[in-house]
Every structure is written in C-alpha cells, then in structure tokens.
Amino acid sequence: MKIALVGMPGGGKSTVGRQLARQLDVPFVDSDTEIEKRIGCAIKSFFAREGEEVFRLIESEVIAELLAADTDMVLATGGGAVLREENRDCLHERATVLYLRSTPEELFRRLRHDTQRPLLQVKDPMAKLRELFAVRDPLYRRTAHFVLETGRPSVQGLVNMVLMQLELAGLVSPMRVKASVGAEPH
C-alpha cells in the first residue's frame, strides 16, 4: 500500500501524513526530506544556487525511486511536485493519491507568520498563493484519486476523513485501522 499526499505548500501534507502513517502502521516519507538527504543541503539554498529545473529533475528521480520501492508508505510530496507530467503519472499509477485541498485564503491564514517558506517572502503573499493555486489546483485534481477539502477540521479529523475514504474505496481494511475515536490515550 502506497498513499501519496499532494497539495499546496502549507496544506497539511506532512502533518496529516505522519498521523496517517501512524494510524496505518506504515512508514512516513517526506519527499522534500529525501531530496535534502540526496543534495546534502536545504532545498531553499539548492533552489537558489542550481535553479528550479535542476531541482525538479532530482525531485522526479526521488519520487520515482520511492514509489518503485517494495515497501508500504505514506508519502508527502512537495507542493510543486505535480508541475511535471512524469510526476503526476508516476504518482497516479503507483500510489493512491489524496489531494488535501486548501483555498488560498485558508493557506494564508495558516502561513502568514511563516518566514521559512520562500513562496511567502514576497510583497503580496496572498496574490502569490492565488496565482499558484490557479495553476496547481487542476494538476492536483488530475493526479489525485480522492480530493479532501481541508477547511477547518483538526489534523485528527482530516486523518479520519482520509481513513474513511480509503475504507469506503476498499483500499484499507477496517481491521488495519487503529481505533482513534473513544480510544484511551497511551
């Protein structure tokens, strides 16, 4: 079982992915973390030094290798992974893809104080989010098997929505999902 999460930066892919992997008892993998291991530095500095095209080539290689591995996983992808057709095809064919869909307004509300994301270090971050969303939303939709509106649910609420969607589709056995509602804390 390979589950891949796609969506805008700040849409909750890593946070939801970690919880989902824990619930399903499978490894969580963040493609950006794997890319940083490969390039030996932060993506932000590599991007500035080598440019987007070189970064996207490495991103494609990493995604293809991760999805070719013979292991179950929940994979969180970078927000721009869907920009390349080969990534969209690879994700759609080799994983069950969930698009965590957040509006630009929701993303801005979540990220307005974030100084680590280069995308928001512009004069008008809201306009930038709207521009990226307009380009990427159709690509996320094309890649995904399921679209989940993130809105305002808690992380656990989103994870439960994902699990329910996967169970209804027959992709996850109810026996495999750890109880989260009414469960005693550890």
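Each chain carries its own residue numbering, running from 1 in the written order of its sequence. Local features in this predicted model are restricted to residues whose pLDDT is 70 or higher, and side-chain atom pairs enter the listing and the counts only when it is 80 or higher, whereas totals over whole chains, interfaces and linings include all residues. Side-chain measures here rest on the full set of heavy atoms in the structure, leaving out hydrogens and waters.

Quick one: what's the story with the pairing of strand β1 (residues 2–6), residue by residue and with numbers?
Residue exposure (1.4 Å probe, protein chains only): buried if accessible area is under 20% of the type maximum, exposed if over 50%, otherwise partly exposed. A run of H or I in DSSP counts as a helix once it spans at least four residues, and a run of E counts as a strand once it spans at least two, with each numbered from the N terminus. Buried residues dominate β1, accounting for five of its five residues. Burial of β1 is two-sided: the residues K2, A4 and V6 facing one way and the residues I3 and L5 facing the other way are all buried. Paired strands, as defined in this entry, are two strands with at least two bridges between them according to DSSP. In this structure, β1 lies alongside strand β3 (residues 73–76), joined through four bridges in parallel fashion. Counterpart to I3 in the pairing with β3 is V74. Pairing analysis gives four bridges linking β1 to strand β4 (residues 96–101), with the strands arranged parallel. Bridging from a neighbouring strand, A4 pairs with V97 of β4.

Which residues make up the nonpolar core, and what values do they have?
Note on terminology: a nonpolar core comprises buried Ala, Val, Leu, Ile, Met, Phe, Trp, Tyr and Cys residues joined through side-chain atoms within 4.5 Å. Grouped together as the largest cluster of nonpolar side chains are 33 residues, with contacts concentrated most on V6, M8, I35, I39, L67, L75 and L91. A per-element tally of this core places helix α4 (residues 52–68) first, with six residues. Only heavy atoms matter for contacts: two residues are in contact if any of them lie within 4.5 Å across the pair. In contact with I39, other than residues within four places in its own chain, are F46 and I58.

Any details on the environment of S102? Residues and values, ideally.
Of note, S102 is situated in the loop between β4 and α6 (104–111). S102 sits in the buried class, given a relative accessible area of 1%. Between the C-alpha atoms of S102 and I63, which are 39 residues apart in sequence, the distance is 23 Å. The contact partners of S102, leaving out residues within four places of it in the chain, are G11, L107, R110, F133 and T150. There is a polar contact of 2.6 Å between the side chain of S102 and the side chain of T150. Counted as a polar contact is a pair of N or O atoms within 3.5 Å, where, for protein atoms, one must be capable of donating a hydrogen and the other of accepting one, and residues adjacent in sequence contribute only when both atoms are in side chains.

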